[in-house]
Amino acid sequence: MYASSRLFRPLAYASVAVATGGTALYTLSGNDDDLKSRIHKPAFNKSGKVVPPTFPQVKSRQEHIAALRRSGLRTLSQDPEQKDASNDDNIYDLLIIGGGATGTGIALDAVTRGLKVALIERDDFSSGTSSKSTKLIHGGVRYLEKAVWNLDYEQFKLVQEALRERKHFSNVAPHLASWLPVMLPLQSWLKAPYFWAGTKCYDLLAGSKGFKGSYFLTKTAALEAFPMQKKDGLVGALVYYDGQHNDSRMNISLAMTAAMYGATIVNHVEATELQKDSDGKICGARVRDLIPSSSKDDEGSDEFIIRARGVINATGPYVDAIRKFDKPEDRDIVVPSTGVHVVLPAYFSSKDMGLIDPSTSDGRVMFFLPWEGRTLAGTTDTPSKVSQNPIAGENDVDWILNEIRGYLAPGISLQRSDVLAAWSGIRPLVQDPKAANTESLVRNHLVTVSDSGLLTCAGGKWTTYRQMAEDAVDKAVEVFKLESGQSKIDFARTLQEFNDLPIVDGSCQTQHVRLIGAHGFHDTLAINLIQHYSLDEDIATHLVHSYGDRAWEVAKLSSKAGRLVPEHSFVDGEIIHAMKSEAAETAVDVLARRMRLAFIDVQSALQVLPRVIDMMGEELKWDRERLDSEWADSVEFLKSMGLPQNQYGISRAEVLAQAKAPVVLEANGTTESPTKKPKTMQLVGQGIATSGVTPSSLS
């Protein structure tokens, strides 16, 4: 929808789509089951005070590891005549490798069909692509334009599927997902009909799965809604709605919900080899526990075998590595590209509205969004190699900043020092391994099965994770001849009180299964927390929109002086909750994926790191070697969040010294510590360079 020089043909196509298909699409889309009707309202005691709810107990990591080990016990050796393990209660129906959005989505889908499910993740849930998205839940207005321009039905189906799935997020996780108006500035009246037709077609494709219809803003109204943008050349704006979410917390909620339903879910366990039976069919995997000394067997080994009737490869950019465990000669199917994002202070964007730049200097689309109390801008799209924690390149960061400057009012200066964090994610575009043309990419997701039975699910995007999971499990049930619909899990024991028992009939249930935190979430929950625990309003709001009803547990675990840094709403109870209830095993697990501090403000994350390591070390009984390795690993990770090079080797002692040292504001606006440390730190909130622009300088 962004090539204004080619106006009339796509405008005609879009108009036809609006005229002929809009009403039918709206009618056929129907209404979702209203999950809000099953929300649990707070209970009150006789004196009128809220009674905090209780929640099902979470299994420990040791319990999950023990279950994985039991599956590898060779019961077949006791009966040489037995040809299969169909009657073995310890063997899993499915072993899923990969704990991103796709893998955890598959786990939740499979376990709620009554299957016995295990999932392992080499790093942490959402440690890769799934935590580094643009945070939008969207159909993709640019994909719709491509579909119209090229009369591409497959592209059209991709948009339609994504719009259908978009509403699913707010149904099953309303605390983590919300609707966001996005402004499309108009620089010419000639473009208005083209963009209007596109946004209306987008609305009508969504049908009842949408939120509100798009609308027009005059120039004055557009500047009031987004006062940071320049007014020269602006004639008005169109506003449409898409979804926004906290991606890594959504991912972790998927994992923990699957575990609540009975799946065995473990992070920091690496697949090192696929196991095959005498017929050459895959029947499990050899794995290694990467957490030091957490699950060694009687012989002191961290390696063990997991047996399963089917293995699913859902490792995102790493699917080729797992595929080559099966067939080393297979050609790669992943075509990786990197997308860089930068985080800026909140005052650079509207609090309640995003902005899309449809005409960047090189034709890419730029989003400028409020997110987690800051401003998120991106993204780039550059061919790359697959790496675990890619660092955002300076050229990409500078390109993003230059594009933003073109939209800001002349009185607003944007400097490199305003960047609070910068990170890069790898988008795993895929090629169909069975396609004759090796250059063509799969527009949607790909589900394929090798001759030996390795099922690979790759491609797609966050918005369509649930549909990807459904397709993968449907295929797994068919190929591996699994008996879904006969529950192996006693759901009632842990889920009865939530009125969330799945209908175990073999069909997909995930459109109706709420994620952890959603069951008792409601619009006034923050008020209940403030009244019960005397929390600051910003902390209560943050906890509710990060944890849903589990905010009760986090608030209870927090100390009275629990705020970790003055500039943010994160509290110490989140660190404890992450360890006890969300499978956090490292400091990076907490700072990056349970809390989002590393993604929002890398200097604040560095400032908090000593406290996180101390609290985790005390709870998890870390020795000195582990404490030291956690520091080194965490600083190494923060490089990928935008830590400046002069802090790459910073020590714990230096961080603590800088936190205590007074900061002197120089006449030129730079900050300098009187201790004159060789590795300097800035005041939190002033960016990641050695000087910065403060909010007061914009007035």
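**Student:** Give a description of the pairing of strand β14 (residues 354-357) that names residues and reports values.
**Tutor:** Residues Gly354 and Ile356 point to one face of β14 and Leu355 and Asp357 to the other, with burial holding for every one of them. Where strand β6 (residues 177-186) meets β14, two bridges bridge the pair, whose relative direction is parallel. Among the inter-strand pairings, Val182 is bridged to a residue of β14, identified as Gly354. Here β14 runs beside strand β15 (residues 366-371); their pairing, made up of three bridges, is antiparallel. Looking across to β15, one finds that Ile356 is bridged to Phe367.

**Student:** Kindly report on unusual backbone geometry, identifying the contributing residues and their values.
**Tutor:** That bond from Gly378 to Thr379 is cis: its omega, 20°, falls within 30 degrees of zero. Within the element layout of this structure, Thr379 appears in the loop between β16 (374-378) and β17 (382-383). With a phi close to 60°, His268 is a non-glycine residue in the positive phi region. Among the secondary structure elements, His268 is positioned in the loop between β9 (264-267) and β10 (269-276).

**Student:** Can you tell me about the packing of helix α8 (residues 247-260) against helix α17 (residues 587-594), naming the residues and giving the values?
**Tutor:** Across the interface, α8 lies against α17 with an axial gap of 8 Å and an inter-helix angle of 115°. For the pair α8 and α17, contact is made by Ser248, Arg249 and Ile252 and by Ala592, Arg593 and Arg594, respectively. Here the contact of α8 with α17 is composed, by residue class, of two nonpolar, one polar and three charged.

**Student:** Outline α8, listing residues and values.
**Tutor:** Here α8 contains 14 residues, and its C-alpha end-to-end distance of 20 Å stays within 8% of the 20 Å for a straight helix at 1.5 Å per residue. Counting buried positions along α8 gives 13 out of 14 residues, so the element sits mostly inside the fold. Just beyond α8, the residue with positive phi is Gly262, at close to 120°.

**Student:** Please give an account of the packing of aromatic side chains that cites residues and values.
**Tutor:** Within a pair of aromatic rings, the relevant descriptors are the distance that separates the centres and the angle that separates the planes. Overall, the coordinates contain 13 aromatic pairs when judged by the stated rule. When the centroid spacing of 5.3 Å and the interplanar angle of 5° are considered together, the rings of Trp179 and Phe211 count as stacked. In this pair, Trp179 sits in strand β6 while Phe211 sits in the loop between α6 (192-206) and β7 (215-218), placing the two residues 32 residues apart along the sequence. Judged by relative accessible area, which is 44%, Phe211 ranks as partly exposed. Here the aromatic cluster, defined as three or more aromatic residues joined through ring pairs, consists of Trp179, Phe211, Tyr215 and Tyr241. Positioned above the aromatic ring of Tyr318 is the side chain of Arg122, whose terminal nitrogen or guanidinium carbon lies 4.7 Å from the ring centre. The positively charged end of Arg596 is found above the aromatic ring belonging to Phe599, 4.4 Å away from the centroid.

The rules behind each value
- Residues numbered from 1 in each chain as written.
- Predicted model: local features only at pLDDT ≥ 70, side-chain atom pairs only at ≥ 80, totals over all residues.
- Heavy atoms only, no water.
- Buried < 20%, exposed > 50% of the residue type's maximum accessible area, 1.4 Å probe, protein only.
- Helix = DSSP H or I, 4+ residues; strand = E, 2+ residues; numbered from the N terminus.
- Pairing = 2+ DSSP bridges.
- Axes fitted to C-alpha atoms, helices over the stretch in contact; angles between N-to-C directions.
- Contact = heavy atoms within 4.5 Å.
- Nonpolar A, V, L, I, M, F, W, Y, C, P; charged D, E, K, R; others polar.
- Expected span 1.5 Å × (residues − 1).
- Phe/Tyr/Trp six-rings, centres within 6.5 Å; stacked < 30°, edge-to-face > 60°.
- Lys NZ or Arg CZ within 6 Å of the ring centre and 35° of its normal.

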